[in-house]
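# Remarks on the overall topology
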Amino acid sequence: MTASIETVPSTSSRPAASSGPMSEELERRALLRSRFISRHLVPNVIRVLLIVLLIGLWQIGTNAKVLDSFTLGSPQGIWKSFAMSVADGSIVTDCLSTLSSTVVGFVIGSALGVLSGLALWFVPKVMRLIDPIVVTLNGLPKIALGPLIIIWFGSGKVSKIILAAFATFIIALLNSCEGSAKVNEESVSLVRSMGASKWQLFAKVIVPSSMPWIISAFRVNVGLALLAVIGGEFISADAGLGRKAAVAGNLYDLNGIWVSVLLILVLAALLNVVVSWVARRIEKIV
Amino acid sequence: MVTNTSDERSAVVSLRHIAKDYRDANLRKVPVIRDLTFDVHSGEFVSIVGPSGCGKSTMLNIISGLLPPSSGSVTINDRVVDGPTTSIAYMMQQDLLMEWRTIRQNIELGLELRHVPTDRRHEVSSEYLRRFGMSEFADSRPRELSGGMRQRVALMRTLALDPDIILLDEPFSALDYQTRLLLEDEVLRTFSSLGKTGILITHDIGEAIVMSDRVVVVANRPTSVKEIIDVGICRHNASVTESRSDPEYSTFFQHIWGDLDQQHLVD
């Protein structure tokens, strides 16, 4: 199809123009197409090919006995292990267990953290008092409390949820406090000059202004919650991807470990996509 | 030309010997304002001009009731100020529009805080949007507007509270020059037709001259009133650009410039 404008048949009584809305539209569409190809199609195709190449080389190396499948695992072995887990339904149980523990822990920790952080705005003295304590606690990797929490709460999901919630809570608290403290002082003066009560100031200025900090806490926390859950499952659990990896590890079942790792990767990506989507929706309003 | 007229008109705002001290980092007392005494009359537009760092924003904070003075008193409509009141509104340097609210919601902010019912709020905001020709932006977000439009919204927000007195803290300084001229005119016209009393703080001597009935020149820290000059050329010129060509303009300018305790380059 040529781009010669003059050959476009004109159905109206107007003479064919050498540049008009029709040809501009065609040009725009052609540009869109080429841009899509170069920016999306080609890079993604190359990415897929690279991964396929990697997997292919791995498998070939295994088959040629250059790579030791006992120590490294192999793509075929991974696939077989995955198929077995699907067949006996353990995939669903483990994935759901880890996912639900993460989500529940994240939601509880975030809710408590944000509410406490914002509530502290009303009592700056208390906030100043506990701030160094909270910051110090934040330095502790929450997984260090894993064995303790599991002794207290058992090896079921409750202990994992508590670990995730605790990991999430501290950062949600710190971020909400920081957000409420960093509100533009001039905005506070303005609203005060209009005669606002403390509650009005809180609801109409402090809370909306703190949202960017709270959202950024979400992005960080979802990963930390997952980390806490997996770590807890490593220590002791009834189900879950972390437990699956640990069990496979104990049996020196490399392919089993890989399956768990890849599933955790998928889970993490999924959680990040959801949180990013929620964050963007909220940012549009604020 | 240099007179300190005592008017028979009622003084709406009275400052009597206002002084304000701060404590610096070493907790030493730093006097920012030494003695501020002047009146503003009903319907007047007064500008306060001073050298940089003379505590002009502090002055407005004290007049509006946000900050208590260390000594002295501010009286508004014969009542001593001890906190924000409904008769005085404050327009700050930044527009401080809330990005998460629509334009209309921003204008209605003060009314919302006063629990004015929704339909009445809408009436007021619609009226101001119409007056300033921005009705089509009622449901837009602040980030979609230019700096000049945002300041107009801030002005509407201030006017919606229907205060008698409006304090303006260099509200045009962040705008480009042409938008500034436009807004100076709009503010003057609006204040005139609505009968508002205005107190403007500005670094721009020209702006002070073309907008005011009187200009209060204040000294460097610790601040006090150096001189109050009757200007008033805005009253017999149709716009601020015409006022800037008024024969008296440059005389006033030279006078005020000479008055200000600016730090000069040492030859």
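Everything numeric here is computed off the predicted structure, so don't read it as measured data.

Our focus in this paragraph is the interface of chain A and chain B. Buried accessible area, meaning the area lost when the parts come together, often serves as the stated size of an interface. Every contact between the two is made by 19 residues of chain A and, on the other side, 20 residues of chain B. A combined buried area of about 1800 Å² lies between chain A and chain B, and 62% of that area is made up of carbon and sulfur atoms. Along the contact surface separating chain A from chain B lie one salt bridge. Here K204(A) makes a salt bridge to E112(B), at a shortest N to O gap of 2.7 Å. Taken together, the connections running from chain A to chain B amount to three residue pairs in polar contact (both at pLDDT 80 or more). Looking at which element gives the most residues to the side of chain A that touches chain B, the answer is helix α8 (residues 185–193) of chain A, with seven residues. For the side of chain A that touches chain B, a count of residues per class yields eight nonpolar, six polar and five charged.

Attention now goes to the UniProt feature "domain: ABC transporter" (unreviewed entry) in chain B. Mapped onto this numbering, the UniProt entry gives "domain: ABC transporter" (unreviewed entry) at residues 13–245 of chain B. For residues 13–245 of chain B, helix accounts for 33% and strand for 28%, while the C-alpha atoms at its two ends are 31 Å apart.

Time to look at the packing of helix α5 (residues 147–160) of chain B against helix α6 (residues 177–194) of chain B. Residues and elements named next belong to chain B. It is at 11 Å that the axes of α5 and α6 come closest, and there the two elements cross at 15 degrees. One way to sum up the angle between α5 and α6 is to call them roughly parallel. Between α5 and α6 the crossing geometry is right-handed. For the pair α5 and α6, contact is made by G148, Q151, R152, L155 and L159 and by T179, L182, L183, E186, V187, T190, F191 and L194, respectively.

All names here are of chain B. Positionally, S64 belongs in helix α1 (residues 56–64). What makes S64 buried here is its relative accessible area of 4%. Polar side-chain contacts of S64 include one of 3.1 Å to the backbone oxygen of N61. Contact partners of S64, with chain neighbours within four places excluded, come to V81, G83, P84, I88, Y90 and L167.

All right, on to the packing of aromatic side chains then. In this description, a pair of aromatic rings is defined by centroid distance and the angle of the planes. All names here are of chain A. A full pass over the atoms with the stated rule returns 11 aromatic pairs over all chains. Each ring, one from F70 and one from Y252, has its centre 5.3 Å from the other, and the planes form 15 degrees; the classification is stacked. In this pair, F70 sits in helix α2 (residues 69–72) while Y252 sits in the loop between α10 (241–250) and α11 (254–285), placing the two residues 182 residues apart along the sequence. Judged by centre distance (5.7 Å) and plane angle (40 degrees), the rings of W79 and F82 are tilted. With a gap of three residues between them, W79 and F82 both fall in helix α3 (residues 75–87), about one helical turn apart.

So, on to the domain arrangement of chain B. All names here are of chain B. Per the domain assignment, the segments making up chain B are domain 1 (11–87 + 163–262) and domain 2 (96–162). The straight-line distance from the C-alpha centre of domain 1 to that of domain 2 is 25 Å. Facing 16 residues of domain 1, the contacting portion of domain 2 comprises 13 residues. Summed over both partners, the interface of domain 1 with domain 2 buries about 1200 Å², with 63% contributed by carbon and sulfur atoms. The largest per-residue losses of area from domain 1 upon contact with domain 2 belong to P163, E186 and T190, which jointly make up 31% of the total buried on that side. Where domain 1 touches domain 2, the interface holds two salt bridges.

Looking along a regular strand, one sees side chains alternate from face to face of the sheet. Residues and elements named next belong to chain B. In terms of burial, strand β9 (residues 214–218) is a largely internal element, five of the five residues being buried. Both faces of β9 are covered, namely the face carrying R214, V216 and V218 and the face carrying V215 and V217. In this structure, strand β3 (residues 45–49) lies alongside β9, joined through four bridges in parallel fashion. By the bridge assignment for β9, V46 is matched with R214. Pairing analysis gives five bridges linking β9 to strand β10 (residues 223–230), with the strands arranged antiparallel. Bridging across to β10, V215 finds its partner in I229. Counting the residues that bridge the hairpin from β9 to β10 gives four residues.

Residue and element names in this part refer to chain B. The strand order across the open sheet built from 10 strands is β5-β4-β1-β2-β10-β9-β3-β8-β7-β6, with neighbouring strands paired in mixed fashion. Sheet topology places β5 (79–80) and β6 (88–91) at the edges, where each strand pairs with a single neighbour. Relative to strand β8 (residues 197–202), strand β7 (residues 165–169) runs parallel, the two being bridged by five bridges. When the bridges of β8 are listed, D169 appears paired with I201. α5 rests against β6 and β7 of the sheet, and its axis sits at about 170 degrees to β6.

Counting residues in hydrophobic clusters, the biggest one holds 55 residues, and the most contacted among them are V13(B) and V74(B). Looking at this core element by element, the count peaks at seven residues for helix α9 (residues 198–235) of chain A. When residues are assigned to domains, this core turns out to be shared by domain 1 (11–87 + 163–262) and domain 2 (96–162) of chain B, each giving three or more. Beyond its immediate chain neighbours, meaning those up to four positions away, V74(B) contacts V13(B), S14(B), L15(B), I18(B), I62(B), I63(B), R79(B), V80(B) and V81(B). Residues V124(B), M156(B), V240(B) and L260(B) belong to the second largest nonpolar core, which totals 48 residues.

The rules behind each value
- Residues numbered from 1 in each chain as written.
- Chains lettered and ligands numbered in written order.
- Predicted model: local features only at pLDDT ≥ 70, side-chain atom pairs only at ≥ 80, totals over all residues.
- Heavy atoms only, no water.
- Contact = heavy atoms within 4.5 Å.
- Buried area = accessible area lost by both parts, 1.4 Å probe.
- Salt bridge = Lys/Arg side-chain N within 4 Å of Asp/Glu carboxyl O.
- Polar contact = N/O pair within 3.5 Å; in protein donor to acceptor, adjacent residues only side chain to side chain.
- Helix = DSSP H or I, 4+ residues; strand = E, 2+ residues; numbered from the N terminus.
- Nonpolar A, V, L, I, M, F, W, Y, C, P; charged D, E, K, R; others polar.
- UniProt positions renumbered as here; feature names shortened; annotations may be inferred.
- Axes fitted to C-alpha atoms, helices over the stretch in contact; angles between N-to-C directions.
- Parallel < 35°, antiparallel > 145°, perpendicular 65-115°, else oblique.
- Left-handed = near helix turned anticlockwise from the far one by under 90°.
- Buried < 20%, exposed > 50% of the residue type's maximum accessible area, 1.4 Å probe, protein only.
- Phe/Tyr/Trp six-rings, centres within 6.5 Å; stacked < 30°, edge-to-face > 60°.
- Domains from an automatic or database assignment.
- Pairing = 2+ DSSP bridges.
- Core = buried A, V, L, I, M, F, W, Y, C linked by side-chain atoms within 4.5 Å.

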